[in-house]
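Structural characterization, general
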Amino acid sequence: MRYPSIMTTTHFPFLSIDPASRRVSLDGRNPDFYRDPNPVYAALHAHCPTFWWEEQKMWYFTGYDHVNGLLRDRRFGRQILHVATREELGLPEPQPHLTHFDAAEAWSLLELEPPEHTRLRTLVNRAFVSRMIEKLTPEISALCHEAIDRFEKDGKVELLTAFADILPVTMIARMIGIPDEMGPQLLKWSHAYVRMYMFGRTHADEIAADRAAEEFSAYVRGVIAERRADPRDDLLSHMVHTEHRGQLLTEDELISTTIVLLNAGHEATVHQIGNAVRTILENGADPSVLFADGKATERTVEECLRISAPVHIFDRFALEDVELDGIHFRRGDKVAMILAAANLDPRKFTDPLVFKPDRNEGANLSFGAGIHFCIGAPLARLELNIALPILFQRLPGLRIAQKPVVKDVYHFHGLEALELEW
């Protein structure tokens, strides 16, 4: 994707910025925004990098240093009810139609703060350290070749369903100990589940997410029972039988942890495979240069993550009264960080809207930072570093057959489909 070097708010009739008050009006469901949010992020950097988003009723930060700092700032956290009550904060009571979803989220690594977060992450972390993940290289490579074998002769493919969906869900399921044939069902549950995190979710979305959480939890509960009786060499068996300071995980903790690993372990990577292939093809970059060796491949992958991140927003609660960038937050206030916008901060990256696969200007924030840094980042990076070179080597002359359509799933960023031919 090529972008103009200078953006002004006049380009966006759906965007209104008042730099003096730091108020911004922006419709996150407007297709002109979510299809290509990067130019809007550039306008925000130019006019109002820290702003109150009127429609979302929260403060948002886009600056690289602010986002990077906030992700690491222990004055902010994913939880709030461990330091204050709902009554003190004026928070609503849980909604009855989300009982199963709330139960599945109760011990999610994404939602916890220390000490619970530390205890759960310590038990899981061993499986995701780089030296363990690198052992999966032959298996990931084989999966990529097997998928391509099925459609190479056709001269065309819809990449997401035939390739991107298969690789990440199969790998994370195998690591945990879920059979390959459950892949399609895991995808259905995951897609329904993550609708809860998107802008403009409907009551129907909530009902579907709660049903998915109920079915997903029941399935995981059954697998847990099997691993208690018959341990195997997989992550779930490890979580079931390993003690941390004399304690085993409870069944509720096991269910939450398994669900978050299955969801987070593939959802963003599916999007990123599509985003990366689209970025490379639309920029006319030469695959033989992009993937010339391991270092070139690594930089290409990181630049794709920087300019077309799959997850755009994370939020935090202020755990105490605190001031940041001149904004006073009270305990319980929510604040959000736009990771994808931080990746485009011109104070950090030169020509930030330009795809530069040889760029070497520091880390992107697509996987977050701090104690909630994505535990699956080594796996996702390895999958991308293996899958992209194989795809372009196996399918020379690869090109986009139809204009890609971006999903209406902000604050995720991914494609409905990616029709390719060669």
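Calculation notes
- Every chain's residues receive numbers from 1 upward, in the order its sequence appears when written.
- Residues qualify for local features only when their pLDDT is at least 70, as the model is predicted, and side-chain atom pairs are given and counted only at 80 or more; totals for whole chains, interfaces and linings, by contrast, use all residues.
- Side-chain measures were taken over the full set of non-hydrogen atoms in the model, leaving aside hydrogen atoms and water.
- UniProt positions are given in the numbering used here, feature names are shortened, and annotations may be inferred rather than shown by experiment.
- Among the buried residues, those of types Ala, Val, Leu, Ile, Met, Phe, Trp, Tyr and Cys that are joined through side-chain atoms within 4.5 Å form a nonpolar core.
- Each residue gets one of three labels from its accessible area relative to the maximum for its type: buried under 20%, exposed over 50%, partly exposed in between, using a 1.4 Å probe on protein chains only.
- Helix and strand definitions here come from DSSP, where helices need a minimum of 4 consecutive H or I residues and strands a minimum of 2 consecutive E residues; each element is numbered from the N-terminal end.
- Any two strands are treated as partners once DSSP identifies two or more bridges connecting them.
- Residue contacts follow a heavy-atom distance rule, with two residues in contact if any of their heavy atoms lie within 4.5 Å.
- Here pLDDT means the predictor's own confidence in every residue, given as a number from 0 to 100.
- A fitted line through C-alpha atoms represents every axis, and for helices the fit uses only the stretch in contact; the resulting angles, taken between N-to-C directions, go from 0 to 180 degrees.
- Angles below 35 degrees are treated as roughly parallel, those above 145 as roughly antiparallel, those between 65 and 115 as roughly perpendicular, and all remaining angles as oblique.
- By convention the crossing between two helices is left-handed if the near helix lies anticlockwise of the far one by an angle smaller than a right angle, and right-handed if it lies clockwise.
- A pair of Phe, Tyr and Trp rings is counted when the ring centres sit within 6.5 Å of each other, with Trp represented by its six-membered ring. The angle between the planes then sorts it: under 30 degrees is stacked, over 60 is edge-to-face, the rest tilted.

- By the naming in an unreviewed UniProt entry, the chain goes by Cytochrome P450 hydroxylase and is assigned to Shinella yambaruensis.
- We quote the UniProt Cofactor (unreviewed entry) comment for the chain here in full: "heme".

As for the nonpolar core
- In this structure, Phe128 and Phe163 are the most contacted members of the largest nonpolar core, which totals 117 residues.
- Among the elements that line this core, the one with the most residues is helix H19 (residues 377–394), at eleven residues.
- Grouped together as the second largest cluster of nonpolar side chains are 19 residues, Phe61, Ala318, Leu339 and Leu365 included.

Considerations on the sheet that holds strand S6 (residues 156–158)
- With antiparallel pairing, three strands are arranged side by side in an open sheet as S6-S14-S11. Of all the strands in the sheet, just S6 and strand S11 (399–400) have a single pairing partner and so form its edges.
- Two elements, S6 and strand S14 (residues 419–421), share three bridges in a ladder whose sense is antiparallel. Counted as the bridge partner of Val157 is Leu420 from S14.

Considering unusual backbone geometry
- For the bond running from Pro114 to Pro115, omega is 5°, close enough to zero to count as cis.
- Tracing the chain through its elements places Pro115 in the loop between helix H5 (99–105) and helix H6 (116–125).

Describing the environment of Cys144
- Its location among the elements puts Cys144 in helix H8 (residues 137–151).
- When its relative accessible area of 1% is taken as the criterion, Cys144 is described as buried.
- As for Cys144 and Arg78, which are separated by 66 residues in sequence, their C-alpha atoms are 36 Å apart.
- What Cys144 contacts, discounting residues up to four positions off in sequence, is Phe163, Leu167, Ile386, Ala387 and Ile390.

Brief notes about the confidence of the model for the chain
- Put simply, the chain has an average pLDDT of 93, and 98% of its residues get 70 or more.
- When the criterion is pLDDT under 50, residues 1–8 qualifies, and its contacts beyond four places in sequence or with other chains add up to 20 contacts.

Comments concerning the packing of helix H10 (residues 166–176) against helix H14 (residues 251–264)
- Interaxial distance between H10 and H14 falls to 9 Å at its minimum, and their mutual angle equals 155°. By the angle between their axes, H10 is roughly antiparallel relative to H14. At the point where H10 passes H14, the crossing takes the right-handed sense. In this structure, H10 uses Ile172, Ala173 and Ile176 to contact H14, whose residues at the interface are Thr258, Leu261 and Leu262.

Details of the packing of aromatic side chains
- This model, assessed by the stated rule, comprises 19 aromatic pairs.
- For the ring pair Trp52 and Trp59, a centre distance of 5.9 Å and an interplane angle of 70° mean the geometry is edge-to-face.
- Look at Trp52 and you get partly exposed, because its relative accessible area is 21%.
- Look at Trp59 and you get buried, because its relative accessible area is 12%.

Quick word on the pairing of strand S2 (residues 23–26)
- Of the two faces of S2, only the one carrying Val24 and Leu26 is buried; Arg23 and Ser25 on the other face are not.
- The pairing of strand S1 (residues 15–18) with S2 spans four bridges and is classified as antiparallel. When the sheet's bridge partners are listed, Ser16 is paired in S2 with Ser25.
- Where S1 hands over to S2, the hairpin turn is made up of four residues, of which Arg22 adopts a positive phi near 60°.
- Where S2 and strand S3 (residues 50–53) come together, two bridges link them in parallel fashion. Following the sheet pairing, Val24 is matched in S3 by Trp53.

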